[in-house]
Amino acid sequence: MTPSPTRRSSWLRAVAVTLAVAACGGTGTAGVAAADPGPRGAAAQAAAQYWTAERMAAAKPVEAAHTAAPAQAPRSALRASGVRTAAPAGTPQGSYGDGLPMVGTFFSSAGPTGATYCTASVVQSPGHDLVLTAGHCAKSLAGGGQRIFVPQYVKGRDAAGQPYGVFPVDQVFTDPRYTRNSKGPDSDLDFGFARLSPNARGENAEDVTGALRLTPTPRWSSTVTVVGYPASNNPGQRALSCTVPTYRLTGFRQMAMTCGGYYGGVSGGPWITNYDARTRTGDVIGTIGGFYGGGNTNNDDWISYSPVYDGQARALYDDAVAGRTPQRPTPYQPPSDRARLAGAASTWTHANHLVAGDYDGDGRDDLLTVWSDGEVSFYPGDGDGGFGTERQFAPANSFWKLARAVTAGDFSGSSLPDLLVRWDNGKLSYYEDVRPTGTGTEYTLAAGGSSWKYATQITAGRYDSADAARDIVVRWVDGSLTTFPGVNPTGMGSERRLAEAGSFWKNAVAVTSMQPAGSDHSALAVRWTDGSLGSYTLSGTSMRGTRLQAPNTLWAPAVMTAGRFASGDGGSTADDLLVRWSNGETSLYDGTRGDTLGTWTTLVQPPA
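Here we summarise the structure given alongside this text. (Residues numbered from 1 in each chain as written. Predicted model: local features only at pLDDT ≥ 70, side-chain atom pairs only at ≥ 80, totals over all residues. Heavy atoms only, no water.)

What follows covers the overall build of the protein. Looking only at helices and strands, the protein has nine helices and 36 strands in total. For the protein, with 608 residues in total, the buried portion stands at 60%. Put simply, of all contacts in the protein between residues at least 6 apart along the chain, 61% involve residues at least 24 apart. Here the protein displays about 21,800 Å² of accessible surface, and carbon together with sulfur accounts for 50% of that area. (Helix = DSSP H or I, 4+ residues; strand = E, 2+ residues; numbered from the N terminus. Buried < 20%, exposed > 50% of the residue type's maximum accessible area, 1.4 Å probe, protein only. Contact = heavy atoms within 4.5 Å. Areas by Shrake-Rupley, 256 points an atom, 1.4 Å probe, with all protein chains shown as cover.)

On to the sheet that holds strand 29 (residues 508-514). An order of 29-30-31-32 is seen for the four strands of this open sheet, with the pairing classed as antiparallel. Among the strands making up the open sheet, the edge pair consists of strand 29 and strand 32 (542-549). Adjacent strand axes in the sheet meet at a mean angle of 25° when their direction is disregarded. Direction of pairing for strand 31 (residues 533-539) relative to strand 32: antiparallel, over a ladder of seven bridges. In the sheet register, Ser-535 faces strand 32, and the bridge partner there is Thr-546. (Pairing = 2+ DSSP bridges. Axes fitted to C-alpha atoms, helices over the stretch in contact; angles between N-to-C directions.)

Generally speaking, soluble globular proteins have nonpolar side chains that are buried together. Grouped together as the largest cluster of nonpolar side chains are 53 residues, with contacts concentrated most on Phe-106, Phe-107, Ile-148, Phe-193 and Leu-196. Not counting the four nearest positions on each side in its chain, Phe-106 is found in contact with Thr-116, Tyr-117, Cys-118, Ala-120, Val-131, Thr-133, Leu-141, Ile-148, Phe-149, Val-169, Ala-194 and Leu-196. Within the second largest apolar cluster, 29 residues are counted, among which are Trp-220, Val-266, Ile-288 and Ala-558. (Core = buried A, V, L, I, M, F, W, Y, C linked by side-chain atoms within 4.5 Å.)

This next bit is on the pairing of strand 33 (residues 559-563). Most of strand 33 is tucked away: five of the five residues are buried. Of the two faces of strand 33, the one lined by Val-559, Thr-561 and Gly-563 and the one lined by Met-560 and Ala-562 are each fully buried. As paired elements, strand 33 and strand 34 (residues 576-580) share five bridges and run antiparallel to each other. Residue Gly-563 lies in a different strand from strand 34, and its bridge partner there is Asp-576.

For the rest of this paragraph, the subject is the sheet that holds strand 25 (residues 455-461). Pairing within the open sheet is antiparallel, and its four strands lie in the order 25-26-27-28. Pairing within the sheet leaves two strands with one partner each, and these edge strands are strand 25 and strand 28 (496-499). Each neighbouring strand pair of the sheet contributes to a mean axis angle of 25°, computed without reference to strand direction.

Here the focus is helix 8 (residues 311-322). Between its terminal C-alpha atoms helix 8 stretches 16 Å, which fits the 16 Å expected from 12 residues at 1.5 Å a residue. On its buried face, helix 8 sits against strand 4 (116-123), strand 5 (130-133), strand 7 (167-174), strand 8 (192-196) and strand 9 (213-214). The distance from a side-chain oxygen at the start of helix 8 to the backbone nitrogen of Gln-312 is 3.0 Å, and the residue carrying that oxygen is Asp-310. Phi turns positive one or two residues past the end of helix 8, at Gly-323, with a value near 70°. (Expected span 1.5 Å × (residues − 1). Polar contact = N/O pair within 3.5 Å; in protein donor to acceptor, adjacent residues only side chain to side chain.)

In the structure shown here, the tally under the stated rule is two disulfides. Linked covalently through their sulfurs, Cys-242 and Cys-259 form a disulfide whose S-S length is 2.0 Å. Note on the Cys-242 and Cys-259 pair: the S-S dihedral is about 95°, so by sign convention the disulfide is right-handed. With a gap of 17 residues between them, Cys-242 in strand 11 (residues 239-245) and Cys-259 in the loop between strand 13 (254-258) and strand 14 (270-276) connect regions that are remote in the sequence. Grouping residues by exposure puts Cys-242 and Cys-259 together as buried. When the cysteines of the protein that form disulfides are numbered from the N-terminus onward, they connect as 1-2, 3-4. (Disulfide = S-S within 2.5 Å.)

One number sums up the size of the largest pocket: a volume of about 970 Å³. Lining the largest pocket are 48 residues, and of these Ala-356, Ala-408, Ala-460, Ala-469 and Ala-562 lie nearest its centre. Along the lines of polarity and charge, the residues of the lining of the largest pocket split into 21 nonpolar, 19 polar and eight charged. (1 Å grid on protein atoms, 1.4 Å probe; cavity = no way out; pocket = protein on both sides within 12 Å on 5 of 7 lines; lining within 4 Å. Points joined across faces, edges and corners; volume = space filled by probe spheres on them. Nonpolar A, V, L, I, M, F, W, Y, C, P; charged D, E, K, R; others polar.)

We now examine the environment of Ala-231. Within the fold, Ala-231 resides in the loop between strand 10 (223-228) and strand 11. Owing to a relative accessible area of 32%, Ala-231 belongs among the partly exposed residues under this scheme. Leaving out residues up to four positions away in the same chain, Ala-231 has contacts with Pro-61, Tyr-117 and Gly-264.

We now examine unusual backbone geometry. A positive phi angle, close to 70°, is found at Ser-415, a residue other than glycine. Residue placement: Ser-415 occurs in the loop between strand 21 (403-409) and strand 22 (418-423).

Per the counting criterion, the structure on display carries 16 salt bridges. In this structure, Arg-195 and Asp-129 form a salt bridge, with 3.7 Å as the shortest nitrogen-oxygen distance. Linking Arg-195 in strand 8 with Asp-129 in the loop between strand 4 and strand 5, this pair joins segments that are 66 residues apart in sequence. Taking the shortest distance from any N to any O, the salt bridge between Arg-253 and Asp-310 comes out at 3.0 Å. One end of the pair, Arg-253, is in the loop between strand 12 (247-248) and strand 13; the other, Asp-310, is in the loop between strand 16 (303-307) and helix 8, and 57 residues separate them in sequence. (Salt bridge = Lys/Arg side-chain N within 4 Å of Asp/Glu carboxyl O.)

Turning next to the side chain of Ser-465. With respect to the secondary-structure elements, Ser-465 resides in the loop between strand 25 and strand 26 (471-476). Excluding its chain neighbours within four sequence positions, the residues that come into contact with Ser-465 are Arg-470, Asp-471, Gly-486 and His-521.

Let's shift gears to the packing of aromatic side chains. The geometry of an aromatic ring pair is captured by the separation of the ring centres together with the interplanar angle, meaning the angle of the planes. Tallied over the full model, the rule gives 28 aromatic pairs. Pairing Trp-348 with Tyr-379 gives two aromatic rings, centres 5.5 Å apart and planes at 40°, and the pair type is tilted. Here Trp-348 is found in helix 9 (residues 345-348), whereas its partner Tyr-379 is found in strand 19 (residues 376-379), with 31 residues between them in sequence. Across the pair, exposure class does not vary: Trp-348 and Tyr-379 are buried alike. Three or more aromatic residues joined by ring pairs form one cluster here, namely Tyr-50, Trp-51, Phe-107, Tyr-117 and Tyr-153. Above the plane of the ring of Tyr-50 lies Arg-55, whose end atom (NZ or CZ) is 4.0 Å from the centre. (Phe/Tyr/Trp six-rings, centres within 6.5 Å; stacked < 30°, edge-to-face > 60°. Lys NZ or Arg CZ within 6 Å of the ring centre and 35° of its normal.)

Looking at where Ala-447 falls in the secondary structure, it is placed in the loop between strand 24 (442-446) and strand 25. Placed 20 residues apart in sequence, Ala-447 and Lys-427 show a C-alpha to C-alpha distance of 4.7 Å. Aside from chain neighbours lying at most four places away, what touches Ala-447 is Gly-426 and Lys-427.

As structure tokens, then:
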């Protein structure tokens, strides 16, 4: 959070989550009954004697206790007094409610000016005892004293009256390279974890509240719901929620969001996607924190930041799970922002088709791009998730602007990529052994006017064939899904039906074949109309699906391909999913598995 008691954070109106919270039970949950705590709950009973309702209600946001508002900053002075300055017109405002069962507040008695608090959330862990918060909040807990976490905190109630009781803090984990409220590169590391002791009834936090899944940040633009407990303009200290899109904080590996009401106290509040009130689970892809503790230097309550969750966050989580002190002998270096794929996001919005293949024969997959004006470009892959200088494959206004579906496979068995193209008139063409200089001879597999004009999406992979990508999956305009195993230069072979007309496959907006890490066969990656991403394995005429990403309207109009673009797994399988989003931002997910999206790298930065 920003070093002012007026810290706030990222989020648009959380109407959906507020309703979900009501469905899963809010502050109406019965309080923890007084009972013999036994050895597991003894620490909680002792903490409860210290943390009276009055002490918890009097606690101040950790920012107010540890930092002073910048001098000569009139806005900060106003925020410290709880007086609102005007947000830009149209700025969304957070809404107050009961919050979520696994989101609550930390209280610490170790503050230099008295008790302090921050927001935190329970995350899934083997011990069912971990919470996630901002790094600057976790550092405040490391000072010892009386420290507790109160899920779904209710102001005015003592420990026994809280919905799930109170959980003493046992151990705190922060990255040693992080400095509290930093404005430098180390602000990327403003996240932390704490291990909890059981409550007075001997229960672990996750067992009674549910928990969020710590999830790698999937891209710069996502729709999230953030929950926090601001002190200012909130006399009842209720949970504030907001559901809004995220965007990049320029110059940092951090996200930003715009929503009013996020004053001091919301630091550590989770940024949640895919929340399920029934199961009390969801994906947490960020927390209020980062640059200047999570906000700009004006302490505007409507601007909030979050670090990106990547390998650094996962390493700290692993330390917390193992209960070991984090060691980081190497200074923190932010990932390079070098351009991995030439061109601006505004240009890439015109990329109609992306087709992976080793077109130059160097053992590394390249990217063939068919643009909306008919130009076709070739980008040689460097094998490390980047691409070389663009070469023109076909000029603008070429016949390629009539291509409606394009996929690459090895249909001839030569180990060189071949192209299969469905044109606007229903013609199906086959181009053998494609090179960076062109396609060579065209072979017609179906004439214009054929039923192939109803083929909406086509992708080639290794579904039945174990040695090459020569099996075709087709999504038809009526919602049926079929496969053609063993396609070769002489024809398509026998069609096999996977889904009937009118099925849910009519909602598929993009498909591609990927070979998940650790698998010998391809899986079908599908982007649906609601923006969710799924992965399907095929066996005969049966399919089994797994969700890789939750619905997100910002993701729906996407173009995808998969190949061997990065060397994270040795570059041996086509498990690197490449996605061009609707705004032109282009992302690579290295090492995608059948049930998990791979490590995110930005190839084309989003528009400023």
